[in-house]
Amino acid sequence: MMLPITRRPLFPSLYKSIQVQDPQVIGALKELVERGEPYVATFMLKNDDKDVDSIKSTDEVHDIGVFSRIMSIYVSPNPEDKHLTVALYPWRRVRMKRILGAGGDGAKEGSSAPTKEGPASAGPGDVPAAGEAAKPEDQAPPPTDAGDDAGKAKQVLESIEADYSFTALEVENVEDEPYDIKNATISATMSEIVSVLREITTMNPMFREQIHHFASAQVSKAVFENPSKLADFAAALSGGSSEELQDILSDLNVATRLEKALVVLKKELMNAQLQNKISKDVEAKISKRQRDFYLMEQLKGIKRELGLESDGKDKLIEQFKAKAETLQMPAEVKKVFDEE
C-alpha cells in the first residue's frame, strides 16, 4: 500500500507522523494493522500544493521513497475531526516500479510477482497502541527476501481491494552505493555537519529541542558515526525545500548525499545567525529607548527640585500674559485679567 505525502519526504530511521483524511484509505490502513501487515510505502508528491491520500499515476510522485512500518494509529475523539494520524518508522529506501490494480497507469494482470531485490512488504508484527512509545531496535526488521511474506502481503491487499479504494505499488529496495567510511572527504564532511549542528543549537532553541527529540528516539552513536544515517538526520532536521530534501533522499552516493545535507544545514545556520542578529538589534534599540526615557525622567525631576523648570501650566500663563501686554484692553477688562 502506498501513501503519498506532501512538502517533506520521510527519511529512513527517523519517526514521522502523517495525517490521512480519505475515509477509504483510512479504512484500508486499519485493515492492514488488524491483519498483521502494518507496512506502507511513502512517496512525496511533486506538486507541493496537492494533498491527496492516493494517486492514479506514477508521474504524480517522485520515484524514490521509503518503506515504513505503522507504529501506531490515532483516531481523534472529536467526531468532527475526520482525519487519522499515522505514526511511521521508515525502514529503508525503495524505488517505485509501477502502480498495481485496475486504476494504475502501468497495471498488468498477474504481473505483481516479487522482484529479485525482494518485496517491500514484510511479515506480520505487533503494532503499539496510539501514544505508546515504540522502539525500532526492539522490533525485528521486515525481511527483504521474496517468499511467503510477499505472498501474504499481496493476499491481504487483494482481499481489502474490493472494500476500499487505495493505491498499491510494486516497488524494489534500493541500497547505498559502496563507500569507504575512512575516506577523507566523507570524514571531513561528517565532522563539519556535527560542528554546524552544534553551532545552530546555541542560537536556535527550537532546533535544539528537535535534536533532543530525535536523539532520544535514536541511537545517537549510530547516527553520528554512520555517514548515511548522519546525512539523513541532518536533512530531516533542516528547513530545506521539498526539492532539496527529495534530492538528498534520492541520492544513493553517500559522499554527495553528505555534501547536499551540509548545504541545507549551512542555510539553516545562516538563517539562525540572521535571526540572532535581528533579535540582538531589536533588544539593543529597546534597551536604548528605555535608558533614554529613564534618564529624561530623572533630569526632569532634578530640574523641578532646583526650580530650573516650570511645569506646563506656568508656561501657558506666561504666554497669555505676554500676549495680553500687546493688547489695548479697556480698564475694566484689564483689572479683571490682572486679578485672575
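On a predicted model such as this, the values are computed, not experimentally measured, just so you know. (Residues numbered from 1 in each chain as written. Predicted model: local features only at pLDDT ≥ 70, side-chain atom pairs only at ≥ 80, totals over all residues. Heavy atoms only, no water.)

Draft legend 1. View of the nonpolar core. The biggest cluster of nonpolar side chains holds 57 residues, and the ones touching the most others in it are M1, L29 and I193. Dropping the residues within four chain positions of it, I193 is found in contact with L230, A234, L258, A261, L262 and L265. Membership of the second largest hydrophobic core comes to 16 residues, among which are A41, M71, V94 and M96. (Core = buried A, V, L, I, M, F, W, Y, C linked by side-chain atoms within 4.5 Å. Buried < 20%, exposed > 50% of the residue type's maximum accessible area, 1.4 Å probe, protein only. Contact = heavy atoms within 4.5 Å.)

Draft legend 2. Spatial organisation of the pattern of salt bridges. Applying the stated criterion to the full structure yields 13 salt bridges. The partner of E170 in a salt bridge is R98, and the shortest N-O contact between them spans 2.9 Å. In this pair, E170 is assigned in strand β6 (residues 168-173) and R98 in strand β5 (residues 84-100), connecting sequence segments 72 residues apart. Looking at E170, the relative accessible area reads 11%, which means it is buried. Between E244 and K267 there is a salt bridge, with its nearest N and O atoms 2.4 Å apart. A residue pair is termed long-range when its members are at least 10 positions apart, and E244 in helix α7 (residues 242-250) and K267 in helix α8 (residues 254-306) qualify at 23 residues. (Salt bridge = Lys/Arg side-chain N within 4 Å of Asp/Glu carboxyl O. Helix = DSSP H or I, 4+ residues; strand = E, 2+ residues; numbered from the N terminus.)

Draft legend 3. Expanded view of the environment of A272. Tracing the backbone shows A272 in helix α8. Residues A272 and T201 lie 71 residues apart in sequence; the distance between their C-alpha atoms is 9.1 Å. In contact with A272, not counting residues within four places along its chain, are I200 and M203.

Draft legend 4. Here's a closer look at a nonpolar patch on the surface. On the surface, L274, I278, V282 and I286 cluster together into a nonpolar patch covering about 350 Å² of accessible area. The exposure class assigned to V282 is partly exposed, which follows from its relative accessible area of 40%. (Patch = residues over 30% accessible without salt bridge, like charges linked within 9 Å, V, L, I, M, F, W, Y side chains within 5 Å. Areas by Shrake-Rupley, 256 points an atom, 1.4 Å probe, with all protein chains shown as cover.)

Draft legend 5. Representation of α8 in the model. Between the first and last C-alpha of α8 there are 77 Å, a value that for 53 residues agrees with the 78 Å anticipated at 1.5 Å per step. Where α8 is concerned, the buried positions are V254, R257, L258, A261, L262, V264, L265, E268, L269 and A272. N-cap assignment for α8: the residue whose side-chain oxygen lies 3.1 Å from the backbone N of A255 is N253. (Expected span 1.5 Å × (residues − 1). Polar contact = N/O pair within 3.5 Å; in protein donor to acceptor, adjacent residues only side chain to side chain.)

Draft legend 6. Representation of the side chain of R93 in the model. You can see R93 is positioned in strand β5. Polar contacts involving the side chain of R93 include one to the main-chain carbonyl oxygen of L249, which spans 2.6 Å. In this structure R93 touches F11, P12, G65, V66, N173, V174, D232, I248, L249, L252 and R257, once residues within four positions along its chain are discounted.

Draft legend 7. Helix α6 (residues 227-237), seen in detail. Extensive coverage of α6 is indicated by the burial of ten of its eleven residues. Among the residues of α6, those classed as buried are P227, S228, L230, A231, D232, F233, A234, A235, A236 and L237.

Draft legend 8. Focus on the packing of aromatic side chains. Taken as a whole, this structure holds three aromatic pairs when the rule is applied. Taking the centre distance of 5.1 Å and the plane angle of 85° together, the rings of Y89 and W91 count as edge-to-face. Its relative accessible area of 18% is what places W91 among the buried residues. (Phe/Tyr/Trp six-rings, centres within 6.5 Å; stacked < 30°, edge-to-face > 60°.)

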